[in-house]
Amino acid sequence: MATRAPRVAVIGAGLAGLAAAAHLRANGAEVTVFEAEDSPGGLVRTESIGGHRFDTGATVLTMPSLIVDALGALGVAADEADRRLALRPVDPGYVMNYADGTSLAVPHDAAAIPAAVASVFGEQAGDGVADLLQWLRRVYDAEFDTFIDRNFDGLADLADARTRRSAAELVRLRTLGGLTGAIARFVADERLQRVFTFQALYAGVPPRRARAIYAIIPDMDIGRGVFAPEGGMGRVGRVLADALTDSGADIEYRTPITAIRRDPHGRVSGVAAGDSVVDVDAVVATLERDGVAQLTGERPRRRLRYSPSAVVIHGLLPAGTTDRWRAGHHTLDFGTAWTQTFAEITGRRGRLMSDGSFLITRSAVGDPSTFVADGFESVSVLAPAPNLDSADLDWDRIAEPYVEEVVGTLASRGYPGIDGMRVVRVDHPKTWSQAGLPAGTPFSAAHTASQTGPLRTANVWPTSPNLVLAGSATVPGVGIPPVLVSGGLAAARVTELLRGRDGGR
Ligand SMILES: Cc1cc2nc3c(=O)[nH]c(=O)nc-3n(C[C@H](O)[C@H](O)[C@H](O)COP(=O)(O)OP(=O)(O)OC[C@H]3O[C@@H](n4cnc5c(N)ncnc54)[C@H](O)[C@@H]3O)c2cc1C
């Protein structure tokens, strides 16, 4: 009997959904991606606001090899993938500006970082950073394939030889203690420690509370370099979406899925977009956990702890204004406070940063033809902020004065002219919440100890074996590299299930 290809619906054309769809196509599935918006990319997007382009979501692109892998699954050769993505190294990857006036430009090429550090912080600091970079790489090597890019089903999975070897290496590398302590073994200067620990915020936890296993994140950005696609971050989603449609997958834009249909045994049988129902053999959903529960008509069991949120200010400055700044594509401007700042934004009773640290993004640095128009440069400032669960602030009232406070602070910290910025859009916890993001944060469930690895929301829905999750809500977690990985893991789950090996679970 001829068997037809399995039909899989992917909900969401963010990078998780696109990666899942790519790997599913590679495995022979018939794939339809349903996307509520009119374009791909989800939170990785370049938008036109009043005729000016802005990267309005993620801006720090690391591990582009994972995008190339997804394209490879669709038959796009690596050199062709590179051509389509048109990535350039962001160099320096970050400029770090400190309250005492010190400034460190972190080169894209890791081999050049120790010398750059030595020129600002002295020879000994440069040597420490050289050793630290090697340690970060070893942590990555021990973790990535064994613990991150892998589906786990239970304790038995931890018993194989490869896993035991990797676990032993992580113990040897002393990654079971705190991240800050681990970094401090290599660099004594607290300012330098910030360079390798601020990334804990990407995982939604304060550096002081993060475990050293999170050192994999500074390896990804500082150790492996940051990239930017020509034309802005939105190019990534477009390239993936185009390759998918070329491969025969369907992408239905402006089609919000309103229900996931299940049979009495909990098996998914279809997805509904309003009145129209599409029959499927499996679904990959890339929404937040509570969003998926809403579509299945269930109540989520336990309350999750969400990451802090962010206020993102998009504005225009007359071209040339930024020439007087010590700033790159990504500039981190640190306040004097550090531990206190994280306590303010991640605490159970959160508050606005009293001595803030900010990320200033100038996508125009490498791509003026996209991000400078009519004599104005697009500039964005990201201010981490507590989420709505920890601080239910009246954002309609405070957003405007807070924006003024942030740009005023930055003007006094060495960014002359920024207080004259023509603000064109502000995203804040309330707007994220209105976009359907729980707790008003786009950074999903925090990677606390009880929400990480095997304890994070699993990628197989507990009451439906053929409903699989991908994206920042599930394993391995938040950010571009993890969600791309999650797409591959979800596709592997579906493929395994539809081949019948796991069907009875
Ligand atoms: C301001 C900001 C800065 C960030 N900075 C970085 C950074 O520098 N580096 C980094 O690595 N990460 C960063 N991130 C995080 C990163 O962007 C996300 O973790 C990642 O893009 C999430 O991808 P996803 O596919 O899981 O979800 P999403 O991108 O949210 O995609 C989900 C998609 O599903 C669609 N959808 C939702 N409901 C439905 C429905 N019912 N039917 C159909 N479609 C639906 C949505 O429209 C969306 O397109 C940042 C995020 C933000 C917002």
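Residues numbered from 1 in each chain as written. Predicted model: local features only at pLDDT ≥ 70, side-chain atom pairs only at ≥ 80, totals over all residues. Heavy atoms only, no water.

J.: Could you clarify how one ought to interpret helix H12 (residues 339–346) in this entry?
T.: Because the α-helix completes a turn every 3.6 residues, residues three or four places apart line up on one side. For H12, the set of buried residues is Thr341, Phe342, Glu344, Ile345 and Thr346. At its buried positions, H12 is contacted by strand E18 (376–385). (Buried < 20%, exposed > 50% of the residue type's maximum accessible area, 1.4 Å probe, protein only. Helix = DSSP H or I, 4+ residues; strand = E, 2+ residues; numbered from the N terminus. Contact = heavy atoms within 4.5 Å.)

J.: Is there a simple way to think about the nonpolar core in this case?
T.: The tendency in soluble globular proteins is for nonpolar side chains to be buried side by side. Ranked by size, the top nonpolar core spans 121 residues in total, and within it Met96, Trp135 and Val284 carry the most contacts. By residue number, the principal contributor to this core is helix H5 (residues 123–148), which donates eleven residues. Met96 has contacts with Thr102, Ser103, Leu104, Val106, Val195, Phe198, Ile222, Leu332 and Phe334, leaving out every residue within four places of it along the chain. Grouped together as the second largest cluster of nonpolar side chains are 16 residues, Ala9, Ala285, Ala293 and Leu469 included. (Core = buried A, V, L, I, M, F, W, Y, C linked by side-chain atoms within 4.5 Å.)

J.: Which parts of the structure should I look at to understand the sheet that holds strand E11 (residues 268–273)?
T.: Adjacent strands of a sheet pair through backbone hydrogen bonds, lying either parallel or antiparallel. The three strands are arranged E10-E11-E12 in an open sheet whose pairing can be described as antiparallel. The strands lining the two open edges of the sheet, one partner per strand, are strand E10 (259–262) and strand E12 (276–279). Neighbour-to-neighbour, the strand axes of this sheet turn through a mean angle of 30 degrees, independent of strand direction. Judged from the four bridges that link them, E11 and E12 form a sheet pairing that is antiparallel. If you follow Ala272 over to E12, its bridge partner there is Val277. (Pairing = 2+ DSSP bridges. Axes fitted to C-alpha atoms, helices over the stretch in contact; angles between N-to-C directions.)

J.: What should I look at first to understand the sheet that holds strand E2 (residues 30–34) in this one?
T.: Within the open sheet, the five strands sit side by side as E9-E2-E1-E13-E20. Their pairing is parallel. Edge positions in the open sheet fall to strand E9 (250–252) and strand E20 (467–469), since each of these has one partner strand only. Direction aside, the axes of adjacent strands within the sheet are offset by 20 degrees on average. Inspection of the sheet shows strand E1 (residues 7–11) paired to E2 by five bridges, in the parallel sense. Paired with Val10 across the strands is Val33, a residue of E2.

J.: Teacher, can you tell me more about the pairing of strand E14 (residues 309–318) here?
T.: Consecutive side chains along a regular strand alternate between the two faces of the sheet. A large share of E14 lies buried, amounting to nine of its ten residues. Sheet analysis places E14 next to E18, joined by ten bridges and oriented antiparallel. Residue pairing in the sheet places Leu317 in a bridge with Glu377 of E18. Pairing geometry for E14 and strand E19 (residues 422–427), over five bridges, is antiparallel. Of the residues in E19, the one forming a bridge with His314 is Arg425.

J.: Is there a simple way to explain the side chain of Ser472 in this structure?
T.: With respect to the helices and strands, the residue Ser472 is situated in the loop between E20 and helix H16 (480–498). We classify Ser472 as buried; its relative accessible area is 16%.

J.: Explain the domain arrangement of the protein chain to me, please; I cannot follow it from the model alone.
T.: Note on interface size: it is often stated as the accessible area lost on association of the parts. Looking at the assigned domains, one finds that the protein chain contains domain 1 (7–52 + 231–304 + 446–498), domain 2 (109–223) and domain 3 (307–440). The three residues of domain 1 that bury the most area against domain 2 are His447, Leu489 and Arg493, which together make up 47% of that side's buried surface. One can count one salt bridge joining domain 1 with domain 2. A salt bridge links Arg493 to Asp153, with the nearest nitrogen and oxygen atoms 2.8 Å apart. In this assembly, domain 1 and domain 2 are joined by seven residue pairs in polar contact (both at pLDDT 80 or more). Here the side of domain 1 that touches domain 2 is composed, by residue class, of seven nonpolar, four polar and one charged. (Domains from an automatic or database assignment. Buried area = accessible area lost by both parts, 1.4 Å probe. Salt bridge = Lys/Arg side-chain N within 4 Å of Asp/Glu carboxyl O. Polar contact = N/O pair within 3.5 Å; in protein donor to acceptor, adjacent residues only side chain to side chain. Nonpolar A, V, L, I, M, F, W, Y, C, P; charged D, E, K, R; others polar.)

J.: Please explain the site of the ligand as it appears in this structure.
T.: For the ligand, the set of nearby residues contains 33 residues, the closest of which are Glu35, Leu43, Val60, Ile257 and Ile480. Here an oxygen atom of the ligand sits 3.3 Å away from a polar atom, N or O, in the main chain of Leu15. A distance of 3.0 Å separates an oxygen atom of the ligand from a polar atom in the backbone of Ala16. Broken down by secondary-structure element, the contributors of at least two residues to the shell around the ligand are helix H1 (15–26) and H16. With three residues, H16 is the single largest residue contributor to the shell around the ligand. Along the lines of polarity and charge, the residues of the shell around the ligand split into 20 nonpolar, eleven polar and two charged. (Near = heavy atom within 4 Å.)

J.: I'm lost on the packing of aromatic side chains in this one. Help?
T.: Here the distance between the centres and the angle between the planes together describe a pair of aromatic rings. Enumeration according to the criterion identifies eleven aromatic pairs in this entry. Between the aromatic rings of Tyr98 and Phe121, the centroid separation amounts to 6.3 Å while the plane-to-plane angle is 90 degrees, which identifies the pairing as edge-to-face. Of this pair, Tyr98 sits in the loop between strand E6 (94–97) and strand E7 (103–106) while Phe121 sits in helix H4 (residues 113–121), and the two are 23 residues apart along the sequence. Here Tyr98 and Phe121 have matching classes, each one buried. Centre to centre, the rings of Phe334 and Trp338 are 5.3 Å apart; their planes meet at 85 degrees, and the pair counts as edge-to-face. Given a relative accessible area of 10%, Trp338 falls into the buried group. Taken together, the ring pairs in this structure connect Tyr98, Phe121, Phe334, Trp338 and Phe342 into an aromatic cluster. Note that Arg422 overlies the ring of Phe376, its terminal NZ or CZ placed 5.1 Å from the centroid. (Phe/Tyr/Trp six-rings, centres within 6.5 Å; stacked < 30°, edge-to-face > 60°. Lys NZ or Arg CZ within 6 Å of the ring centre and 35° of its normal.)

J.: What am I meant to see in the environment of Ala13 here?
T.: With respect to the secondary-structure elements, Ala13 resides in the loop between E1 and H1. Judged by relative accessible area, which is 0%, Ala13 ranks as buried. Separated by 235 residues in the primary sequence, Ala13 and Gly248 have C-alpha atoms spaced 16 Å apart. Each residue touching Ala13, except ones within four places of it in the same chain, is listed here: Leu18, Val33, Phe34, Glu35, Pro40, Gly41 and Gly42.

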